Amino acid sequence: MNKIIVGTGQHIYEVEHPFGTLSSGLSWGNTSHVTTDSSGKVYVYQRKDPPILIFGGEGHLLGSWGDNQLMDAHGIFMTPNDEVFVCDRDAHQVVKYDLQGNVLLKLGSREKPALHKPFNHPTDIAVSMNGDIFVADGYANSCIHHFTSNGIYVKSWGSWGSDPGQFITPHGIWVANDRVYVCDRENNRVQIFDTNAAYITEWTGFFHPMDIFIDSENIVFVTDQVPGMTMLDLEGNVITRIRTPFNAHGVWVDIHGNIYSAGNEELVTKYIKL
């Protein structure tokens, strides 16, 4: 079987698709997102029980959790100290877990959507270095919500539209270097704010950007519905572009520089750094 190699320059990857082997008796649901912990284990968030599947880096299933707890998988985020945040989209909640699946915090009122307030089908979560929580509330609201590390509401910003600071489906979010990066999907752009909600700039050149990740070397990864993935620097300059085998709904980079993406019926793809 021929290898598929993608990327250019110093960013070359071998494509492994699909990634992850289930044990007997389990079957895949639609995969929404993927993350990795500080040891390199891979956590896949899917739209069926068990919603969290845990794999080793070689793709062997190690465990699972979350049965009968989560309604509709969407965004997932892993903090540096291995706390797991998930968006339960159609339950209108964000839930924080430890690696064993114990609930540590809940944001939002389960099954009680709120207009222009947390939450109305939230899409994604990002946690800043100081622990503050930022949530993209993107399917029925068009705004970003900011909470302290212990879940105290700070503020919201954004409204429906195409002007700076407005959104049409804020779908992915990341926080780095005191900046909040938002994939404004239907406006085909990534908007950038400071952590106090002040608009700074925007990046274009995407078709329905889906998700965003920024690694420890300040390389930005943005997936879109070309389908493709663009790598940029923090000034928005393109480093390389990758054709993905499907519309990568969620993207994450592990401690070894390997990229993982997840997307509905197409399951999970691993891009092995060469």
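Read on for a plain summary of the structure. (Residues numbered from 1 in each chain as written. Predicted model: local features only at pLDDT ≥ 70, side-chain atom pairs only at ≥ 80, totals over all residues. Heavy atoms only, no water.)

### Some thoughts on the layout of surface pockets
What counts is decided by this rule: A cavity here means a set of 1 Å grid points, computed over protein atoms only, where a 1.4 Å probe fits but cannot escape. A pocket is an open set with protein on both sides within 12 Å along at least 5 of 7 lines, and lining residues have an atom within 4 Å of a point. Grid points are joined across faces, edges and corners, and a volume is the space filled by probe spheres set on the points. Only Asp, Glu, Lys and Arg are considered charged in this grouping, and only Ala, Val, Leu, Ile, Met, Phe, Trp, Tyr, Cys and Pro are considered nonpolar; every other residue, Gly among them, is considered polar.
Put simply, the largest pocket is a space of about 940 Å³. In the lining of the largest pocket, the residues fall into 18 nonpolar, 13 polar and eight charged.

### Side note on the packing of aromatic side chains
For clarity, the cut-off: Planes of paired rings set the category: under 30 degrees apart is stacked, over 60 is edge-to-face and the rest tilted, where pairs are Phe, Tyr or Trp rings (Trp by its six-membered ring) whose centres lie within 6.5 Å. Here a helix means four or more residues in a row that DSSP labels H or I, a strand means two or more in a row labelled E, and each is numbered from the N terminus. A simple rule labels every residue: compare its accessible area, found with a 1.4 Å probe on the protein chains alone, to the largest value its type can have, and call it buried under 20%, exposed over 50%, or partly exposed in between.
Evaluation of the coordinates by the stated rule reveals 17 aromatic pairs. Here Phe 213 and Trp 252 contribute two aromatic rings whose centre-to-centre distance is 4.9 Å and whose plane-to-plane angle is 70 degrees, an arrangement assigned as edge-to-face. Here the residue Phe 213 occupies a position in strand E19 (residues 211-214), and Trp 252 occupies one in strand E23 (residues 250-253), the gap between them amounting to 39 residues. Neither residue differs from the other here; Phe 213 and Trp 252 are each classed as buried. Members of the aromatic cluster, connected to one another through ring pairs, are Phe 77, Trp 174, Phe 213, Phe 221 and Trp 252.

### Some remarks on the sheet that holds strand E7 (residues 73-78)
The line we're drawing: Should DSSP find at least two bridges between two strands, the strands are regarded as paired. Axis definition: a line fit to C-alpha positions, over the contact stretch in the case of helices; interaxial angles, taken between N-to-C directions, run 0 to 180 degrees.
Judged by pairing direction, the sheet is antiparallel, and its four strands sit side by side in the order E7-E8-E9-E10 without closing on themselves. What marks the edges here is a single partner per strand, and that holds for E7 and strand E10 (103-107). Shown here is a sheet whose adjacent strand axes are inclined to one another by a mean of 20 degrees, direction ignored. Relative to E10, strand E9 (residues 93-97) is paired through four bridges, and the arrangement is antiparallel. Bridge pairing in E10 places Lys 96 opposite Leu 105.

### Digging into the nonpolar core
Our working definition: Side-chain atoms within 4.5 Å are what join buried Ala, Val, Leu, Ile, Met, Phe, Trp, Tyr and Cys residues into a set we call a nonpolar core.
Membership of the largest hydrophobic core comes to 65 residues, with the highest contact counts inside it found for Val 86, Ile 133 and Phe 221. If you look at the next biggest cluster of nonpolar residues, it comprises 10 residues, including Leu 22, Val 42, Leu 53 and Val 268.

### A word on unusual backbone geometry
Look at the link from Asp 49 to Pro 50: it is a cis peptide, with omega at -10 degrees. Relative to the elements of secondary structure, Pro 50 occurs in the loop between strand E4 (42-46) and strand E5 (52-55). A cis amide bond links Val 226 to the next residue, Pro 227, at an omega of 5 degrees. One non-glycine residue, Asp 82, lies in the positive phi region at around 65 degrees. By secondary structure assignment, the location of Asp 82 is in the loop between E7 and strand E8 (84-88).

### Considering the state of the cysteines
This is how it is decided: The term disulfide is used for any two cysteine sulfur atoms that are within 2.5 Å.
Applying the stated rule across the entire model yields zero disulfides. Note on Cys 87: no disulfide assigned, nearest cysteine sulfur contributed by Cys 143 at a separation of 12 Å. Its relative accessible area of 3% is what places Cys 143 among the buried residues.

### Looking at the side chain of Asp 124
Where we set the bar: Neither His nor the chain termini are counted; the positive set is Lys and Arg, and the negative set is Asp and Glu. Counted as salt bridges are all cases of a side-chain nitrogen of Lys or Arg within 4 Å of a carboxyl oxygen of Asp or Glu. Polar contact is defined as a pair of N or O atoms within 3.5 Å, subject to the rule that within protein one atom must be able to donate a hydrogen and the other to accept it, and that residues adjacent in sequence are counted only when both atoms are side-chain atoms. It only takes one pair of heavy atoms within 4.5 Å for two residues to be counted as in contact.
Within the secondary structure layout, Asp 124 lies in strand E11 (residues 124-127). One buried charged residue, Asp 124, forms no salt bridge at all, with the nearest opposite charge on Arg 47 at 11 Å. Polar side-chain contacts of Asp 124 include one of 3.0 Å to the backbone nitrogen of Ile 173. Sequence-distant contacts of Asp 124, defined by excluding residues within four places in its chain, comprise His 33, Gly 75, Ile 76, Cys 87, Phe 134, Val 135, Ala 136, His 171, Gly 172, Ile 173 and Asp 211.

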